[in-house]
Amino acid sequence: MLTYEESLAFLNAPVYSQTRPGLAPVTELMHELGDPQDGLKYVHIAGTNGKGSTASFIERILREAGYRTGLYTSPYLMRFTERMRVCGQEISKDDLTRLTTKVKDAVDRITAQGHTAPTIFEMVTAVAFLYFREQKCDIIVLEVGMGGRLDATNIIKESEISVITAIDFDHMNFLGDTIGEIAYEKAGIIRNNGIVVSFPQRADAEKVLREVCAEENAGLYIADPGPVLLEANIRGQRFRLADGREFHISLLGSYQIRNAAVAVLAMDLLTARGWRLTPDSLARGLENARWPGRFELMSTNPMILVDGAHNPNGVEALARGLRTLFPGRKFTFIAGVLADKDYTSMLRVVEPLASRFLTVTPDSERALAASELAQDLRADGFKAVSFRSVSAAAETALSEYPDEIICAFGSLYFIGDIRRVFLDKGLTASDE
């Protein structure tokens, strides 16, 4: 059997890293494994922004209602095992190793037969399905990796409900150059005669969703487009929906009340389908949901926030949240981005809020060098210094700007690293 380290090496092997369209390889793999995805219940979630936090809201509500829940998300921040959870608990290293060995054996068999090798994401998804079947989950909140139509998670035959969060530009080389094209890929998770809950989309995205729902005879429900923010501080937010119900969430960022509204509508529709969800489980689930690395308050003394905003829409949401919580303040930003993202537009959004930038190079082959990012910022007239490591940037921020509000944002490839640096220093949101 593989060791834990060998399992991670296999699930990240470059030979399996090529992304290519089509569900045939993952279909072969799942069939070789006995189709572990069949016979389970799912809430399937696609979208560009907000998938993870919406999934977290929904999973926690279902858990508070007493259901045995599975949660599959990507990417991870600090540990690979974060990607697969049952009732909030990460898969153990032993279980991951055992099931990865099983998947590797299946991959060896199908490739020996001349079938196309699966991708990394397809193999990880196979491990997840095996784990959730073993754990006898009542319902699984399943987050799409990329797109939807050709995503490995879309091998499931049906879902209790399909959820589509905010659609925006991202992964255009795979999903298309227009919002309509991207929406079509996301809409691939819509099932015949199914139920679809959508974030309030821009017109061209909603048009595509309505067309696909009409073709599939699926019901489309749009979440409350304007939940009213009643109170916001560093401990959370209270909001009111159009039907008068009020809820409190611990997640920060004005966009999170809209993601919460999506989760509430999805749970209302699940209740109508016979799932036992009470007003109390709904309120407790929203209150207790956590989603690290997304507008996360890491510490109050000094004030530190981290956010995995990695596209223009995500950074706009970050900027709105900062203005809401800290009106009139300037920030020391620690930033790291990928070269294939629209980082120029991202920086333009936060530049008016910046007192300075500390730049880092995320741990990715696609990363933009910290020195190049700093040079671009200085060309725009901003103070910017590049660092060779995430820890060096964090140390500088803490030692030289302890009275500033520090906000780390950008690629999730570095957000996990900087969270680890702050946690190792004992910095937590309970500091006063």
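Quick caveat: nothing in here was measured; it's all calculated off a predicted structure.

A. Quick look at the pattern of salt bridges. One pass over the full model with this rule turns up 26 salt bridges. When the shortest N-O distance is used, the salt bridge between Glu-206 and Arg-210 registers 2.8 Å. In this pair, Glu-206 and Arg-210 are both assigned in helix 8 (residues 203-216), four residues apart and thus about one turn of the helix distant. For Arg-210, a relative accessible area of 43% puts it in the partly exposed group. Close ionic contact of Arg-284 with Asp-280 constitutes a salt bridge, the shortest N to O distance being 2.7 Å. Of this pair, Arg-284 and Asp-280 both sit in helix 10 (residues 279-288), four residues apart, which is roughly one turn of that helix.

B. Inspection of the packing of aromatic side chains at higher detail. Scanning all chains against the criterion turns up eleven aromatic pairs. Taking the centre distance of 6.0 Å and the plane angle of 85° together, the rings of Tyr-42 and Phe-129 count as edge-to-face. Remark: Phe-129 occurs in helix 5 (residues 120-134) and Tyr-42 occurs in strand 1 (residues 42-46); sequence separation between them is 87 residues. Just as Tyr-42 is buried, Phe-129 falls in that class too. Between the aromatic rings of Phe-333 and Phe-357, the centroid separation amounts to 5.6 Å while the plane-to-plane angle is 25°, which identifies the pairing as stacked. Of this pair, Phe-333 sits in strand 14 (residues 331-336) while Phe-357 sits in strand 15 (residues 354-359), placing them 24 residues apart in sequence. Taken individually, Phe-333 and Phe-357 each receive the classification buried, so the pair is uniform in this respect. One aromatic cluster in this structure is built from Phe-326, Phe-331, Phe-333, Phe-357, Phe-382 and Phe-409. In this arrangement the basic side chain of Arg-356 is found over the ring face of Tyr-401, its NZ or CZ atom lying 3.8 Å from the centre.

Conventions and cut-offs
- Residues numbered from 1 in each chain as written.
- Predicted model: local features only at pLDDT ≥ 70, side-chain atom pairs only at ≥ 80, totals over all residues.
- Heavy atoms only, no water.
- Salt bridge = Lys/Arg side-chain N within 4 Å of Asp/Glu carboxyl O.
- Helix = DSSP H or I, 4+ residues; strand = E, 2+ residues; numbered from the N terminus.
- Buried < 20%, exposed > 50% of the residue type's maximum accessible area, 1.4 Å probe, protein only.
- Phe/Tyr/Trp six-rings, centres within 6.5 Å; stacked < 30°, edge-to-face > 60°.
- Lys NZ or Arg CZ within 6 Å of the ring centre and 35° of its normal.

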